[in-house]
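# Survey of secondary and tertiary structure
The chain contents come next:
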Amino acid sequence: MPLPDGYTLRAPKPLDHQDYLATLAVLTTVGDVTAAQFEQLLSHWAEHPSIYFPQVIVDANDTVVATGMLVVEQKLIHGCGKVGHVEDIAVAKSQQGKKLGNTLICHLSELARSHGCYKVLLDCLPANVGFYEKCGYKDLGVYMTVRYD
Ligand code: ACO
């Protein structure tokens, strides 16, 4: 699906620091991540370009309004197959309902396919199942976690 006029998909850059954190805050606690830490993290992702595929959507002012990440896991099973993991999807509150989330998920899913993944996994709250179903994902029922924070 094309983005609405004025919006663009691109990789994040150091100057996105504040807007990236502010956008992600609609998803969860972001914490105090300094500009230097943010830049270091972008460098870390960039050093592993076949694993990390961070993407943002920016508005006409080049302000980040949506964030997302594809992580490509190289596995042994399925003949050393690859699985994509979609992570940290957030659309700024004021920008929700404009199909930005849908476009971002379609883009990350297609990136996974084009990089050889045989499937893509994500976990989400029950409240978001309908959103992901509209992006072509199926609800397989259970996700589990153990937390150390
Ligand atoms: N439940 C059911 N349907 C939904 C939901 C929902 N929670 N949210 C959107 N939809 C529908 C829309 O109505 C639209 O339907 P239509 O095509 O029939 O008109 C379709 O899904 C596409 O909606 P978008 O406009 O693309 O959704 P948006 O840009 O608002 O993004 C998102 C949705 C990402 C869930 C956003 O509301 C958000 O950031 N929420 C807070 C953070 C969050 O929960 N992120 C997901 C975490 S899970 C993860 O990261 C893997």
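Before reading on, note that the structure itself is shown above.
Here's a quick rundown of the structure. (Residues numbered from 1 in each chain as written. Predicted model: local features only at pLDDT ≥ 70, side-chain atom pairs only at ≥ 80, totals over all residues. Heavy atoms only, no water.)

Attention shifts here to the overall build of the protein chain. The secondary structure content of the protein chain amounts to five helices and five strands. Against the globule reference of 15 Å for 149 residues, the protein chain gives a C-alpha radius of gyration of 15 Å, in line with a compact fold. Principal-axis analysis of the C-alpha atoms places the extent of the protein chain at approximately 45 × 35 × 30 Å. Put simply, the protein chain has 149 residues, and 34% of those count as buried. (Helix = DSSP H or I, 4+ residues; strand = E, 2+ residues; numbered from the N terminus. Rg over C-alpha atoms; globule rule 2.2 N^0.38 Å. Buried < 20%, exposed > 50% of the residue type's maximum accessible area, 1.4 Å probe, protein only.)

Attention now moves to the packing of aromatic side chains. Per the counting criterion, the structure on display carries four aromatic pairs. Between Tyr 20 and Phe 38 the ring centres are 5.2 Å apart and the planes differ by 55 degrees, which places this aromatic pair in the tilted class. With Tyr 20 in helix α1 (residues 17-24) and Phe 38 in helix α2 (residues 35-47), this residue pair connects regions lying 18 residues apart in the sequence. The class for Phe 38 is buried, based on a relative accessible area of 2%. Seen in terms of ring centroids, Phe 131 and Tyr 132 are 4.8 Å apart; in terms of plane orientation they differ by 70 degrees. Their pairing is edge-to-face. Of the aromatic side chains, those joined through ring pairs into one cluster are Phe 131, Tyr 132 and Tyr 137. (Phe/Tyr/Trp six-rings, centres within 6.5 Å; stacked < 30°, edge-to-face > 60°.)

Another aspect to go through is the nonpolar core. If you look at the biggest cluster of nonpolar residues, it comprises 20 residues, and the most contacted ones within it are Ile 57, Leu 70, Val 86, Ile 89, Ile 105 and Leu 108. Considering each element in turn, this core owes the most residues, six residues, to helix α4 (residues 100-114). Residues within four places of Ile 89 in sequence aside, it is in contact with Leu 27, Thr 67, Gly 68, Met 69, Leu 104, Ile 105, Leu 108 and Tyr 132. Core analysis: the next-biggest nonpolar cluster, separate from the first, contains 11 residues, Tyr 20, Leu 21, Leu 24 and Leu 42 among them. (Core = buried A, V, L, I, M, F, W, Y, C linked by side-chain atoms within 4.5 Å. Contact = heavy atoms within 4.5 Å.)

This next bit is on the site of the ligand. Near the ligand you find 23 residues, and of these Ile 89, Val 91, Lys 99, Gly 101 and Asn 102 are the closest. Take Ala 127: an N or O atom from its main chain is 2.9 Å from a nitrogen atom of the ligand. Note that a nitrogen atom of the ligand is positioned 3.5 Å from one of the backbone N or O atoms of Phe 131. Here the ligand, which alone exposes 980 Å², has 73% of that area covered by the protein. Mapped onto the shell around the ligand, the elements with two or more residues apiece are β4 (82-91), α4 and α5 (129-134). The greatest single-element share of the shell around the ligand, amounting to six residues, is contributed by β4. Of the residues contributing to the shell around the ligand, the split by class is 11 nonpolar, six polar and six charged. (Near = heavy atom within 4 Å. Polar contact = N/O pair within 3.5 Å; in protein donor to acceptor, adjacent residues only side chain to side chain. Areas by Shrake-Rupley, 256 points an atom, 1.4 Å probe, with all protein chains shown as cover. Nonpolar A, V, L, I, M, F, W, Y, C, P; charged D, E, K, R; others polar.)

Nothing here speaks to function; it is all geometry.
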